[in-house]
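Structural characterization, general
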Amino acid sequence: MQNYLIKCVSIVNEGHRFTSDLLIRNGRIEKIANNISVSFPVQEINGENLHLLPGCIDDQVHFREPGLTHKATIFTESRAAVAGGITSFMEMPNTVPPAFTLDLLEEKYAIANKTSLANYSFYMGTSNDNAEEALRINEKKNDICGLKIFMGSSTGNLLVDNYLTLDKLFAGSEVLIATHCESERIINENLLAFLYENRELTAADHPLIRSVEACFESSLTAVQFAKKYGSRLHIFHLSTEKELSLFTNMIPLSEKRITAEVCVHHLHFSSDDYSRLGNQIKCNPAIKAPENRDALWEALLDDRLDLIATDHAPHTLSEKGFFRNMDGLLQPVVGEAGSYLQAHAGLPLVQHSLLLMLSYVKQGKISLEKMVEKMSHAVAICFQIPERGFIREGYWADLVMVDMNRDSDVHARNILYKCGWSPLEGMIFPAFIVNTFVNGHPVYGNGLFDESQMGKRLRFQR
């Protein structure tokens with residue numbers, strides 16, 4: 001394995017920023033110091049005027065393999081992820097077939113072992129009738145990121161709305177339980193009320209159908225189950241101000257039994273954007289009114305929300321009800337094929353999440369140190385991932401080098417998602433990803449990939 005010496009780079013880690021050299025040897029960070037010299041061959045990299053960050057760990061992605069590979073594959077989306085500075089991901093079970101058994105789950109690991117450019121883990125899926133099989137995850141608690149419960153249906157056929165099943169899962173799981181919290185009952189009642197109005201629904205109706213109350217009731221239920229059994233609960237993609245009352249910043253993250261995250265699209269968009277983007281930003285839970293976005297930012301900065309993720313969920317343009325016109329711009333399809341009810345829910349984001357957050361760093365909305373905490377350190381702590389998420393001697397060299405003085409744009413020509421589009425098209429970010437290292441391997445640099453080495457399976461210290 002090639003060794004690397006990064007010279008004179010600004011390292012951002014654990015609340016500090018300092019200029020140093022960093023030596024990568026045999027895939028790990030061997031030394032962090034000034035004026036490092038070595039007696040063995042290394043490739044030297046000039047880090048002057050650049051920032052070195054721990055690679056982002058995204059705990060919530062949908063890479064669609066197996067069964068939905070017309071949308072995405074583990075290879076294509078991990079490729080986009082490393083180009084975006086994400087060095088590890090944890091992927092959802094709503095594929096075809098769903099990951100309802102350990103055997104099906106291991107088949108996904110086998111695919112990733114051969115094709116993922118980033119480090120990887122996969123959640124065990126749950127349904128109303130697979131609780132016993134799902135709880136077999138306890139036998140492999142150090143090898144699997146967690147148990148995923150869809151308490152509201154989303155983009156697949158996974159839904160657990162039977163309280164007896166929920167009780168069994170929360171009582172029996174010895175690993176982290178990750179939940180998608182929306183009340184199916186409230187959503188269906190809201191949708192029926194809107195359909196009775198006998199008008200065409202639009203994307204702007206989405207946050208009213210998948211409402212604040214739908215999110216709060218479901219999140220409250222999950223928290224109550226977790227408190228009843230002392231379960232380790234992590235609630236995905238918070239989207240409402242009301243839910244924030246369920247979480248605390250009064251204890252350290254490492255001691256929390258109930259944690260929560262926010263996704264980049266809920267920090268960036270609001271319901272005001274439906275008029276411009278329509279079904280492009282239809283997702284579950286819905287992007288809601290601006291006051292919710294403001295509250296999410298406040299809770300992120302004061303640590304009621306513990307980490308930042310993407311919920312990367314690619315769909316083809318036709319599934320979103322769009323097409324590219326002669327000028328290469330996204331344009332909605334007219335008629336039923338472009339309707340709100342036909343449009344799939346989800347946004348592709350892994351290539352651009354770090355760049356988007358760096359734009360907020362440049363705006364002064366969040367410090368670079370805090371952003372690194374929420375996208376790297378906190379994820380490693382939350383999921384108990386050893387030797388990753390920090391820039392420390394002896395840790396795996398999962399690193400991203402960024403230029404904060406060079407712009408990046410989002411254009412059809414440089415989008416790497418298999419679905420080929422982004423709701424951020426036309427944006428210019430005031431930062432540029434120079435290099436991404438996964439396990440000490442420079443998998444991405446200045447627009448080029450080295451696909452000679454795959455990522456590793458994540459392990460967990462439980």
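As a reminder, the structure under discussion sits directly above these lines.
Residues numbered from 1 in each chain as written. Predicted model: local features only at pLDDT ≥ 70, side-chain atom pairs only at ≥ 80, totals over all residues. Heavy atoms only, no water.

Turning our eyes to something else, we now look at the pattern of salt bridges. Opposite charge on two side chains allows them to pair when their charged atoms are near. Under the defined criterion, the tally for this structure stands at 33 salt bridges. Between Lys 108 and Glu 91 there is a salt bridge, with its nearest N and O atoms 2.7 Å apart. Pair noted here: Lys 108 is in helix 2 (residues 102-115) and Glu 91 is in strand 7 (residues 86-91), with a separation of 17 residues, a long-range link. Note that Asp 302 is salt-bridged to Arg 304, the shortest N-O span being 2.9 Å. Connected through salt bridges with shared partners, the residues Asp 303, Lys 370, Glu 373 and Lys 374 form a single ionic network. (Salt bridge = Lys/Arg side-chain N within 4 Å of Asp/Glu carboxyl O. Helix = DSSP H or I, 4+ residues; strand = E, 2+ residues; numbered from the N terminus.)

As a further point, take helix 2. Taking 1.5 Å of rise per residue, 14 residues should cover 20 Å, and helix 2 covers 20 Å from first to last C-alpha, within 8% of that figure. Where helix 2 is concerned, the buried positions are Leu 102, Leu 105, Lys 108, Tyr 109 and Ala 112. Projected onto a plane normal to the axis of helix 2, the buried residues spread over an arc of 115° and lie on a single side. The exposed set on the far side of helix 2, more than 90 degrees from its buried face, consists of Asp 103 and Lys 114. (Expected span 1.5 Å × (residues − 1). Buried < 20%, exposed > 50% of the residue type's maximum accessible area, 1.4 Å probe, protein only. Arc of directions from axis to C-beta.)

In this section: the packing of aromatic side chains. The description of an aromatic ring pair rests on the distance of the ring centres and on the angle between the ring planes. In total, this model carries 12 aromatic pairs according to the counting rule given. Seen from their ring centres, Tyr 4 and Phe 437 are 5.6 Å apart, and the 70° between their planes marks the pair as edge-to-face. Linking Tyr 4 in strand 1 (residues 4-13) with Phe 437 in strand 20 (residues 432-438), this pair joins segments that are 433 residues apart in sequence. Neither residue differs from the other here; Tyr 4 and Phe 437 are each classed as buried. For the ring pair Tyr 120 and Phe 122, a centre distance of 6.2 Å and an interplane angle of 45° mean the geometry is tilted. (Phe/Tyr/Trp six-rings, centres within 6.5 Å; stacked < 30°, edge-to-face > 60°.)

On the surface, Leu 192, Leu 195, Tyr 196 and Leu 341 cluster together into a nonpolar patch covering about 450 Å² of accessible area. Structurally, Leu 192 is set in helix 5 (residues 184-196). (Patch = residues over 30% accessible without salt bridge, like charges linked within 9 Å, V, L, I, M, F, W, Y side chains within 5 Å. Areas by Shrake-Rupley, 256 points an atom, 1.4 Å probe, with all protein chains shown as cover.)

Okay, the sheet that holds strand 7 next. Spatial ordering of the open sheet is given by 6-7-8, a layout of 3 strands whose pairing is parallel. Each of the sheet's edge strands pairs with one partner strand only, and the pair in question is strand 6 (56-61) and strand 8 (119-122). Across the sheet, the mean angle separating the axes of adjacent strands is 20° when strand polarity is ignored. Pairing analysis gives 4 bridges linking strand 7 to strand 8, with the strands arranged parallel. Across the sheet, the residue bridging to Phe 89 is Tyr 120, located in strand 8. Packed on one face of the sheet, helix 13 (residues 368-383) meets strand 6 and strand 7 and runs near 60° to strand 6. (Pairing = 2+ DSSP bridges. Axes fitted to C-alpha atoms, helices over the stretch in contact; angles between N-to-C directions. Contact = heavy atoms within 4.5 Å.)

Time to look at the side chain of His 312. Residue position: His 312 is located in the loop between strand 14 (307-309) and helix 11 (317-320). With a relative accessible area of 0%, His 312 lands in the buried category. Of note is the side chain of His 312, whose polar atom sits 2.8 Å from the side chain of Glu 77. Here His 312 is in contact with Gln 60, Val 61, His 62, Phe 63, Glu 77, Leu 347, Pro 348, Leu 349, Val 350 and Tyr 417, once residues within four sequence places are set aside. (Polar contact = N/O pair within 3.5 Å; in protein donor to acceptor, adjacent residues only side chain to side chain.)

A few words now on the environment of Ser 339. Along the chain, Ser 339 turns up in the loop between strand 16 (330-332) and helix 12 (353-363). A C-alpha to C-alpha distance of 8.6 Å links Ser 339 and Ala 203, two positions 136 residues apart in sequence.

A sheet is described by the order of its strands in space; here 6 strands give the open sequence 9-10-11-12-13-14, paired in parallel fashion. Only two strands of the sheet have a single partner each, and these edge strands are strand 9 (124-125) and strand 14. The sheet contact formed by strand 12 (residues 233-235) and strand 13 (residues 258-263) spans 3 bridges and is parallel. Looking at the pairing, Ile 235 lines up with Ala 260 of strand 13. Against the sheet, helix 4 (residues 163-172) touches strand 10 (147-150), strand 11 (177-180) and strand 12, its axis set at about 160° to strand 10.

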